[in-house]
Each structure stands twice: as C-alpha cells, then as structure tokens.
Amino acid sequence: MKSFSVAALALIASPVHAGLRFGCSSLIVTRLDPVVEPGRAPSAHLHHIVGGNAFNVTMTGDVGSRGTCTTCEMAEDFSNYWTAVLYFKHPTNGSYHRVPVTNNAALASGTRGGMTIYYTPYDFSSDNLKKQPITAFKPGFRMTVGSPTTSTLAAAKGHIGLRYNCLQTLINRGAEMADFPDKPCPAGIFTVHHFPACWDGKNLDSPDHQSHMYNTITRDGFTNAPACPASHPVRMPQVTYETVWDTTKFNSLWPSGTPNPYVWSFEGSSGYGTHADYMFGWKGDSLQRAMDKDGCFYDGCGTIKKQTMNVANQCTVKDMVNENTDGWVTALPGQMA
Ligand SMILES: *[C@@H]1O[C@H](CO)[C@@H](O)[C@H](O)[C@H]1NC(C)=O
Ligand SMILES: *[C@@H]1O[C@H](CO)[C@@H](O)[C@H](O)[C@H]1NC(C)=O
C-alpha cells in the first residue's frame, strides 16, 4: 500500500519516535525450528536466523538469562528471529540457488545481512504517550505468523502485515503485495512480517503457536493499534521483521514475461506461505524498560545497552545440522527432488 512507502520515506527523512528499531546481523542459515519443530534436527525446511547465541534445537525457559552474545545492535536482546529462506529456481533447468540477504537502509554501520527488528508500542509515526500500557513478553514466550500451507491469494491477503515489495532502491520500495513480484526488482525483494500484539495473558505458546495472540490491525503497514479484545486483553509490543533479499544477480536469468522464479525454502508455487517465528529472549526487564520510556523509543533512549556491529558480528552458534546450502542444488534442503 502507498502508506507503507510514505512511512518508509518518513523514516529516512525525519526523526520518528515511535518504536524500538534496530538491526541484527545474520546468525546462521540452518534447518532448525525450535518453535514449530523442537527437538528435530534437521527441521523440514531451511531458515534464516538472527539474534542470540542460545539458539538451539530445543529452547525452553529463560533464553535471556542464557544468552552470552547476540548479533543484534541491542546488546541485551538474546531473542531469536527467523523466517524461511528465499531461493531462485532456474526457469529452464530447475536448479535452485539460495538468495543472499543484504542490509536494509539506515541500520548501524557494519550490520551484515540480517533483519531489521521493530517493537512498536502504538504506531509508526506517533509516540505511545501512554495511549496504552505495553507489557513486555515473558521468558519462554514464542509465537509464529503466517503458514507455509497458505494456498490462496485471498488467504494471503487475510494475513495482514505479511507482505512483499519489489525494491526499486533500498528506500524506494513501491507497493506492498501479498505475493512475490511478477518481474525482476532492481534492488531486491523486501519481505515484511508483522506479528500480532494482543496476548491472552496466560499462555507462553499454543498448539498452533498463534492462538495465544490476536491481531487487531486491519490494514498493512505500521498502523495504529486498536484496543485488544477481551479474549486477548494484554497489549504487547508489535514485533516486525524486515528482510532484504538480494536478488540482483538472478535478474538476468529471469526471461522477460515468464512467471516468478522465486520460491521459499518449503517450495510452494507462490509467495502465499510466507511466515516467521519469534522466540523472546530479552535479558531481565530490559524490553519492559524500553517500552516504559515515553518520548524516545527509537534507539532505546539510553535505557538499553547497545553494541557496535563489529562486536555483534562476532556472535556465532555452532552449526548443528552441517548441510551445504550454497551453490546450485537440484533439490531444496529437506525437500524431495
Ligand atoms: C544446545 O542443547 C544441547 C542439548 O541440551 C546442549 O548440550 C548445548 O549446550 C546447547 N547449546 C547452546 C548453545 O545452548
Ligand atoms: C542450471 O543453470 C545454472 C546456471 O547456468 C548452472 O550453474 C547449473 O549447473 C544448472 N543446473 C543443471 C542441473 O544443469
């Protein structure tokens, strides 16, 4: 939608005091999913993961107290954030190549690939100003948005806030779409995942990893947050991921007028199955302190410890799956040829 690109430009042009926003470098690309498939190594499909080094095959308890480093600029954030991975499927020979992730605009210098993470208390262009109290997530909290099995455009459109942009430049994103772009994008494919922000107040997770949360936003972009319903009365920060997929080296391999050649790591014939996972892991009350600080959320207001990205980039996790995901492959990792 137009509103999103206007917001994106406002972000560059003027100070915005409307949420915590920071970069996290890529941590690992691997087939693990401790939210949806705990204990299973490898998981069904490949993920791109950022955040703390407590990331593991299974994750329980207080992640924030276990993390000792993070790829995020916010040094007390040991959360993990992940999505599926984008692949280019060669239009004539059917081989796949993983699409690299590149830095978004306006992040701290040295951010490597990764994602832009937002915790928005109210909306994108006005401060919370105590419009509503925000409760930080509790240790052990996790959730997902979207689903790899989404198979219709109508259902994809119904997933408010799970969108694609065809990047003209890093800051000129064009319109938001519910499916992959239908022609090559000069500066890459931009994906956004907005999570719901109303909690049932009881469950750190649910069988589908979604029903303990509720989305009150009715249109795309960073719009203001209507009140939470009685079933999910607790207002949490609205978490958003942005990822820039550097598709530029594949543009010349996409013959003009032919269908979109990009697939997620779980395949599917469209982009409708876009989804993302969140594992809360802020240390102690650090996220709550940021949310309680009115007036200057954008950088943590001095309430949250930051680190330079060359320190963040030293944070690593052991590869627990050991699978080559680079170069041309005849089948997606974990998927049948
Ligand atoms: C991952 O879990 C295994 C098994 O519980 C444990 O031995 C290992 O130390 C964990 N790794 C990290 C980085 O927490
Ligand atoms: C498909 O094309 C790419 C790019 O030209 C090439 O590197 C790859 O080896 C091809 N795959 C097969 C199975 O021929």
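Under the annotation held in an unreviewed UniProt entry, the protein chain carries the name DUF1996 domain-containing protein and is attributed to Lasiosphaeria miniovina.

Visitor: When you look at the site of ligand 2 in this model, what are you seeing that I'm missing?
Guide: Lining the immediate surroundings of ligand 2 are His90, Asn93, Ser95 and Trp328. The separation between an oxygen atom of ligand 2 and a polar side-chain atom of asparagine 93 is 2.3 Å. In the model, an oxygen atom of ligand 2 is placed 3.4 Å from a nitrogen or oxygen of the tryptophan 328 side chain. Out of a free accessible area of 360 Å², ligand 2 has 47% covered by protein chains. Within the shell around ligand 2, the residues separate by chemical class into one nonpolar, three polar and no charged.

Visitor: Whenever I open this one, empty space enclosed by the protein confuses me. Can you help?
Guide: Over the atoms rolls a probe the size of a water molecule, and its path tells where empty space is left. All chains considered together, the criterion is met by four cavities of 30 Å³ or more. Space inside the largest cavity adds up to approximately 140 Å³. Partitioning the lining of the largest cavity into residue classes produces nine nonpolar, seven polar and three charged.

Visitor: Sorry, what's going on with the sheet that holds strand β19 (residues 328-329) here?
Guide: In any sheet, the strands associate via hydrogen bonds between backbone groups, in a parallel or an antiparallel arrangement. Spatial strand order, β17-β5-β6-β19: four strands in an open sheet with antiparallel pairing. Only two strands of the sheet have a single neighbouring strand rather than two, namely β17 (262-264) and β19.

Visitor: I tried to follow the pattern of salt bridges on my own but got confused; where do I start?
Guide: Side chains carrying opposite charge are able to pair once their charged atoms draw close together. Taken as a whole and judged by the stated rule, the model has 10 salt bridges. One salt bridge connects lysine 306 with glutamate 73, and the closest N-O pair in it is separated by 4.0 Å. You can see lysine 306 sitting in the loop between α4 (286-292) and α5 (309-312) and its partner glutamate 73 sitting in the loop between α2 (63-66) and β4 (80-84), a full 233 residues away along the chain. We classify lysine 306 as partly exposed; its relative accessible area is 42%. Since its relative accessible area comes to 14%, glutamate 73 is described here as buried. The closest approach of N and O atoms between arginine 98 and aspartate 326, which form a salt bridge, is 2.8 Å. Note that arginine 98 is positioned in strand β6 (residues 96-98) and aspartate 326 in the loop between α5 and β19, a separation of 228 residues in sequence. The buried category is assigned to arginine 98, whose relative accessible area is 17%. Take aspartate 326: its relative accessible area is 45%, and that puts it in the partly exposed class. Through salt bridges that share partners, Glu76, Asp285 and Arg289 make up one connected network.

Visitor: Would you mind going over unusual backbone geometry with me for this structure?
Guide: Glycine aside, a negative phi is what most residues show, and trans is what most peptide bonds show. Of the consecutive residues alanine 41 and proline 42, the connecting peptide bond is found in the cis state with omega at 5°. Locating proline 42 in the fold gives a position in the loop between β2 (26-30) and β3 (47-51). Of note, alanine 106 is a non-glycine position whose phi angle comes to about 65°, a positive value. Relative to the helices and strands, alanine 106 resides in the loop between β7 (101-102) and β8 (115-120). Notably, glutamate 267 is not glycine yet its phi reads approximately 65°, a positive angle.

Visitor: Is there a simple way to explain the confidence of the model for the protein chain in this structure?
Guide: In low-pLDDT segments, the atomic positions of the prediction should not be examined closely. Of the residues in the protein chain, 90% have a pLDDT of 70 or more, and the chain-wide mean is 90. Predicted confidence is poor over residues 1-17, with pLDDT under 50, and the contacts of this stretch with residues over four places away or in other chains come to 32 contacts.

Visitor: Got a minute to help me understand the sheet that holds strand β15 (residues 234-235) in this structure?
Guide: Pairing within the open sheet is antiparallel, and its three strands lie in the order β14-β13-β15. Edge positions in the open sheet fall to β14 (213-214) and β15, since each of these has one partner strand only. Here two bridges tie strand β13 (residues 198-199) to β15, and the two strands are oriented antiparallel to one another. Pairing of tryptophan 199 across the sheet is with valine 234, part of β15.

Visitor: Is there a simple way to explain the packing of aromatic side chains in this structure?
Guide: The relative placement of two aromatic rings is captured by the distance of their centres and the angle of their planes. Evaluation of the coordinates by the stated rule reveals 24 aromatic pairs. Consider the rings of phenylalanine 137 and phenylalanine 280, whose centres lie 6.0 Å apart with planes at 50°: the pair is tilted. Remark: phenylalanine 280 occurs in the loop between β18 (275-279) and α4 and phenylalanine 137 occurs in the loop between β8 and β9 (142-146); sequence separation between them is 143 residues. Of the two residues examined, phenylalanine 137 and phenylalanine 280, each falls in the buried class.

Visitor: What is the right way to look at the state of the cysteines in this model?
Guide: Put plainly, a disulfide is one covalent bond tying together the sulfur atoms of two cysteines. Enumeration according to the criterion identifies four disulfides in this entry. One disulfide bridge connects cysteine 69 with cysteine 315, the sulfur atoms lying 2.1 Å from each other. On the S-S bond that ties cysteine 69 to cysteine 315, the torsion sits near 70°, and the link is right-handed. Remark: cysteine 315 occurs in the loop between α5 and β19 and cysteine 69 occurs in the loop between α2 and β4; sequence separation between them is 246 residues. Overall, cysteine 69 belongs to the partly exposed group, its relative accessible area being 22%.

What counts and what doesn't
- Residues numbered from 1 in each chain as written.
- Chains lettered and ligands numbered in written order.
- Predicted model: local features only at pLDDT ≥ 70, side-chain atom pairs only at ≥ 80, totals over all residues.
- Heavy atoms only, no water.
- Near = heavy atom within 4 Å.
- Polar contact = N/O pair within 3.5 Å; in protein donor to acceptor, adjacent residues only side chain to side chain.
- Areas by Shrake-Rupley, 256 points an atom, 1.4 Å probe, with all protein chains shown as cover.
- Nonpolar A, V, L, I, M, F, W, Y, C, P; charged D, E, K, R; others polar.
- 1 Å grid on protein atoms, 1.4 Å probe; cavity = no way out; pocket = protein on both sides within 12 Å on 5 of 7 lines; lining within 4 Å.
- Points joined across faces, edges and corners; volume = space filled by probe spheres on them.
- Pairing = 2+ DSSP bridges.
- Helix = DSSP H or I, 4+ residues; strand = E, 2+ residues; numbered from the N terminus.
- Salt bridge = Lys/Arg side-chain N within 4 Å of Asp/Glu carboxyl O.
- Buried < 20%, exposed > 50% of the residue type's maximum accessible area, 1.4 Å probe, protein only.
- pLDDT = per-residue confidence, 0-100.
- Contact = heavy atoms within 4.5 Å.
- Phe/Tyr/Trp six-rings, centres within 6.5 Å; stacked < 30°, edge-to-face > 60°.
- Disulfide = S-S within 2.5 Å.

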